[in-house]
Number of protein chains: 2
Amino acid sequence: MSQSTTLKSISSLLNISVSTVSRALKNHPDISDKTKKKVQELAAMMDYEPNAHAISLRTNTSKLLGLIVPALSNFFYTSFLTALEEESRKHGYTLITLQSGDNTNIEQENLKLCRINHIAGLFIAISPETKNIDSFLRMEKNGVPVIFFDKVPDAENCNKVRMADEEAAIMAAEVIQKSKRKKILALFGNQEFSITKKRWKSFTGYFEKNAPATEVISVFVSSTQEAITETEKEMKQHEPDAVFCMSDEILAGAMKSIKKLKINVPKKVAVIAISNGFIPQLFDPEITYVETSGMELGKLAFNRMINYFNGQTTSQELIVPSKYVKGGSI
Amino acid sequence: MSQSTTLKSISSLLNISVSTVSRALKNHPDISDKTKKKVQELAAMMDYEPNAHAISLRTNTSKLLGLIVPALSNFFYTSFLTALEEESRKHGYTLITLQSGDNTNIEQENLKLCRINHIAGLFIAISPETKNIDSFLRMEKNGVPVIFFDKVPDAENCNKVRMADEEAAIMAAEVIQKSKRKKILALFGNQEFSITKKRWKSFTGYFEKNAPATEVISVFVSSTQEAITETEKEMKQHEPDAVFCMSDEILAGAMKSIKKLKINVPKKVAVIAISNGFIPQLFDPEITYVETSGMELGKLAFNRMINYFNGQTTSQELIVPSKYVKGGSI
DNA sequence: ATCATTTTCGCAAACGTTTGCGGCATCCGT
DNA sequence: ACGGATGCCGCAAACGTTTGCGAAAATGAT
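For the structure given in this document, a descriptive report is provided here. For clarity, every value in this text was computed on a predicted model and none was experimentally measured. All residue numbers here refer to positions counted from 1 along the written sequence of the relevant chain. Each chain takes a letter, starting from A, and each ligand takes a number, starting from 1, following the order in which they are written. Totals for whole chains, interfaces and linings use all residues, but because this is a predicted model, local features are given only for residues with pLDDT of at least 70 and pairs of side-chain atoms are given and counted only at 80 or more. The basis for every side-chain value is the complete set of heavy atoms in the structure, and neither hydrogens nor water enter the calculation.

### A look at the protein's contact with DNA strand D
As a reminder, the rule being used: For this purpose, a residue is taken to be near a molecule or strand whenever a single non-hydrogen atom of the residue falls within 4 Å of it. Pairing of N or O atoms within 3.5 Å defines a polar contact, subject to two protein rules: one partner must be a possible hydrogen donor and the other a possible acceptor, and residues neighboring in sequence count only if both atoms are side-chain atoms. By the criteria applied, helices consist of DSSP H or I runs no shorter than four residues and strands consist of E runs no shorter than two, each listed in order from the N terminus. Three classes are used: nonpolar for Ala, Val, Leu, Ile, Met, Phe, Trp, Tyr, Cys and Pro, charged for Asp, Glu, Lys and Arg, and polar for all others, with Gly counted as polar.
In the vicinity of DNA strand D lie 26 residues, with Thr20 and Arg23 of chain A together with Leu7, Tyr48 and Arg58 of chain B positioned nearest. Atoms of DNA strand D within 4 Å of the protein belong to the sugar or the phosphate in 57% of instances, the rest to bases. A distance of 3.5 Å separates a base nitrogen of DNA strand D from a polar backbone atom of Ala54 of chain B. Within the residue set of the surface near DNA strand D, elements represented by two or more residues are helix H2 (18–25) and helix H4 (52–59) of chain A together with helix H1 (7–14), helix H2 (18–25) and helix H4 (52–59) of chain B. Within the surface near DNA strand D, the residues separate by chemical class into 9 nonpolar, 10 polar and 7 charged.

Okay, structure coming up:
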């Protein structure tokens, strides 16, 4: 490794002290304009770049942010990451990206990596088994803010940003009700997720209250593959006239079976989904959906972090509203 | 920020020196088993975790790896990232993820972030305008290996890993030829990419050589939207009996137009693509494709990096073979 | 008991930066 | 000319770690 230019190398070339160089480069008022100019010019010439490790060590701060998600193969998380990376870069932060694989042990390992690298803040979508969030609260007590997103814990005393899960499910339910469909196959994700619970409760609750005659068949699946088999089974057995999918992965599976069985959409069966926005448009007709944008959530999460840095440290739960996107599937 | 436990805090509690604690924790033979035990037990009790910044500063090494991609909204890159993150974690490295937005300036900014954070190695898919790779070569000269992947420069004196672009295009061409189709709409990406050039040359070259009677209409598009409009135009104008798409984004656009025009696949028109593997299966019939797996490439790239760390520093170009996946679209 | 060897540990410097403090010049007002 | 204020800069410590070297203590050989 060839040595890069440091404050010291600049200082010795100019026969001034390291501290003067340091202050000159940050426009400290103690330094005369003449030396400032000298230093800054030489620094530019020598391509001086500060050593982040030295700064972190000395100041006990860093420009690193941590992100932990269950899996990046999930569209929602990659679009969250896309937005988060962009915002981070614009504000001078650098992102450390980690996957937990929905495994609590790996999640803790990743958390440790975050601590070791002394990140300035953490964004995390917790894995389903994670009940105990003490280690995260401890981070926050140590001055490292933790923003939970999407898959958030139930606890009150923490910062969360999430989609309007209840609202999204209700919007979908309303659309189905208006279409006069009477027998709905409702496909949800892993029952352990609070996000699933919220959506299920809102969706089924809506019909109980506003259209009790409507039959809602709730099915919980935890993979695209399972969505395929369950949809096929239910379509044959109950012949529903509407299908609701709470995520892109589930939608992909459900549509596979619907096409295989050659069931006409929307004539024979209406389809509506909650989605991140890309997948529904691949089908013909395009699937009507309620959008939960990972990018929007990413921006919001980053803003929350910045506000935390600026002193707003009391716990909040922020919610991104949903957006109805009309396709031709209902 | 509450202070974490350090070598010093451990040493003062045990009334021994910092250096002894340091050595005890790494099983240095100079330290007696008795003190080793004492130190390690206390360290475990106090949840000691080394400070990565201090280590990096002192040893001039780091466990950070950099990744720069044009955009994470591209499926291929997210699957590359998925694999790379996994491998990195397993080997004790932490990943810094950056997007360039296909912009040379941002790319250089990101490179600077990598230097400032003193990464141990860099993976990069360069943006199309990047002609001059001096800044990357300089990194390598400074001891930081650079692995170019997917979008690789033409230069010889650098390390590259990429998909078998020529082979993939030829595999697709062979399948089309066997299907006896005679007029092919071939959709390629941005003409600036070396990857596009390679695929175009191989694909058209194959027909010139093996089936000169076949008409190949090559069209270059640089977005899904453009793929939609161009496909519609070409389908109407030339009525091809086969469509070749060199990427997932293009496939999504092409299929949109084909469905809109209600053209039967595969009867009226055959479709074949080069793809990362998820999108083709969403259609009905499933699209036949040649797989270029981002995850495979990610694993290979990481391996190359490790080998570099172990002394294999001479430039290499590694290539992942393609895989033919049969659908029902041809 | 003596000396040589080995075991076990501590000292101190170094990595690159920031920052409180103190010191020397220079300047101003009287 | 004198005192005080001000401008400009350097010293040195500190962040947490690693590591060459030397020194003390323990062990072994004779």
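After that view, the rundown keeps rolling.
### A few points about unusual backbone geometry
Short version of the rule: Exposed residues in this analysis have more than 50% of their type's maximum accessible area, buried residues have under 20%, and partly exposed residues fall in between, with area computed by a 1.4 Å probe over protein chains only.
Asp284 of chain A connects to Pro285 of chain A through a cis peptide bond whose omega is 0°. If you trace the backbone, Pro285 of chain A turns up in the loop between strand S9 (270–275) and strand S10 (288–291). Its identity as a non-glycine residue notwithstanding, Lys180 of chain A has a phi of 70°, on the positive side. Considering the arrangement of structural elements, one finds Lys180 of chain A in the loop between helix H8 (165–178) and strand S6 (183–188). Phi is positive for Glu239 of chain B, close to 45°, though the residue is something other than glycine. Among the structural elements, Glu239 of chain B can be located in the loop between helix H10 (224–238) and strand S8 (242–245). The exposure class assigned to Glu239 of chain B is exposed, which follows from its relative accessible area of 62%.

### Digging into the relation of the copies chain A and chain B
How we decide: Superposition of the copies used a least-squares fit over C-alpha atoms from residues whose pLDDT is at least 70 in both. Contacts were defined at the residue level, with two residues in contact if any of their heavy atoms lie within 4.5 Å.
Screw-axis analysis of chain A against chain B gives a translation of 0.0 Å along the axis, an RMSD of 0.1 Å, and a rotation angle of 180°. With respect to symmetry, the two chain copies, as superposed, fit the operation of a two-fold axis. In this assembly, 100% of the residues forming the interface of chain A have copies in chain B that are likewise at the interface, indicating an isologous arrangement.

### Some remarks on the side chain of Glu107 of chain B
Residue and element names in this part refer to chain B. Applied cut-off: Within this scheme the basic residues Lys and Arg register as positive and the acidic residues Asp and Glu register as negative, but His and the chain ends are omitted. A side-chain nitrogen of Lys or Arg and a carboxyl oxygen of Asp or Glu constitute a salt bridge if their distance falls within 4 Å.
Examined against the element boundaries, Glu107 turns out to sit in helix H6 (residues 104–116). Within the buried set, Glu107 has no salt-bridge partner at all; the shortest N-O distance to an opposite charge, 9.9 Å, is to Lys151. Those residues within four positions of Glu107 in sequence are excluded, and the remaining contacts are Ile68, Ser100, Ile124, Ala125, Ile126, Ser127, Thr130 and Phe136.

### Description of the pattern of salt bridges
Side chains that differ in charge, positive against negative, can pair when their charged atoms come close. Inspection of the entire model under this criterion finds 28 salt bridges over all chains. Arg89 of chain A is the partner of Glu109 of chain B in a salt bridge, and the nearest nitrogen-oxygen pair spans 3.6 Å. A residue pair is termed interchain when its members come from two chains, as with Glu109 of chain B in helix H6 and Arg89 of chain A in helix H5 (residues 75–90). Where Glu232 of chain B meets Lys236 of chain B, a salt bridge forms, and the shortest distance between an N and an O atom there is 3.1 Å.

### Some remarks on the interface of chain A and chain B
What counts here: When two components associate, each loses some accessible surface as probed by a 1.4 Å sphere; the sum of these losses over both components is called the buried area.
The partner chain B presents 51 residues to the 51 residues of chain A that form the contact. Each partner contributes to the roughly 4,800 Å² buried at the junction of chain A and chain B, and carbon and sulfur atoms together form 56% of this total. Taken together, chain A and chain B are joined by 6 salt bridges. Between Glu49 of chain A and Arg115 of chain B there is a salt bridge, and its shortest N-O distance comes to 2.7 Å. Elements supplying a minimum of two residues to the side of chain A that touches chain B: H4, H5, strand S2 (94–99), helix H6 (104–116) and helix H11 (248–260) of chain A. Here the side of chain A that touches chain B is composed, by residue class, of 20 nonpolar, 19 polar and 12 charged.

### Topic: the sheet that holds S6 of chain A
Working definition: the strands of a sheet are paired by backbone hydrogen bonds and lie parallel or antiparallel to each other. All names here are of chain A. To be explicit about the condition: DSSP-based pairing: two strands are paired if at least 2 bridges between them are found. Between N-to-C directions, angles span 0 to 180 degrees; the directions come from axes that are lines fitted to C-alpha atoms, helices contributing only their stretch in contact.
Across the sheet, 6 strands lie side by side as S7-S6-S8-S9-S10-S12; this open sheet has mixed pairing. Each of the sheet's edge strands pairs with one partner strand only, and the pair in question is strand S7 (215–220) and strand S12 (323–325). Neighbouring strand axes in the sheet, compared pairwise and without regard to direction, differ in orientation by 15° on average. With 6 bridges joining them, S6 and S7 adopt parallel strand pairing. Each bridged residue has a counterpart across the sheet, and for Ala186 the counterpart in S7 is Ser218. Its contacts with the sheet place H8 against S6, strand S8 (242–245), S9, S10 and S12, and it is angled at close to 165° to S9.

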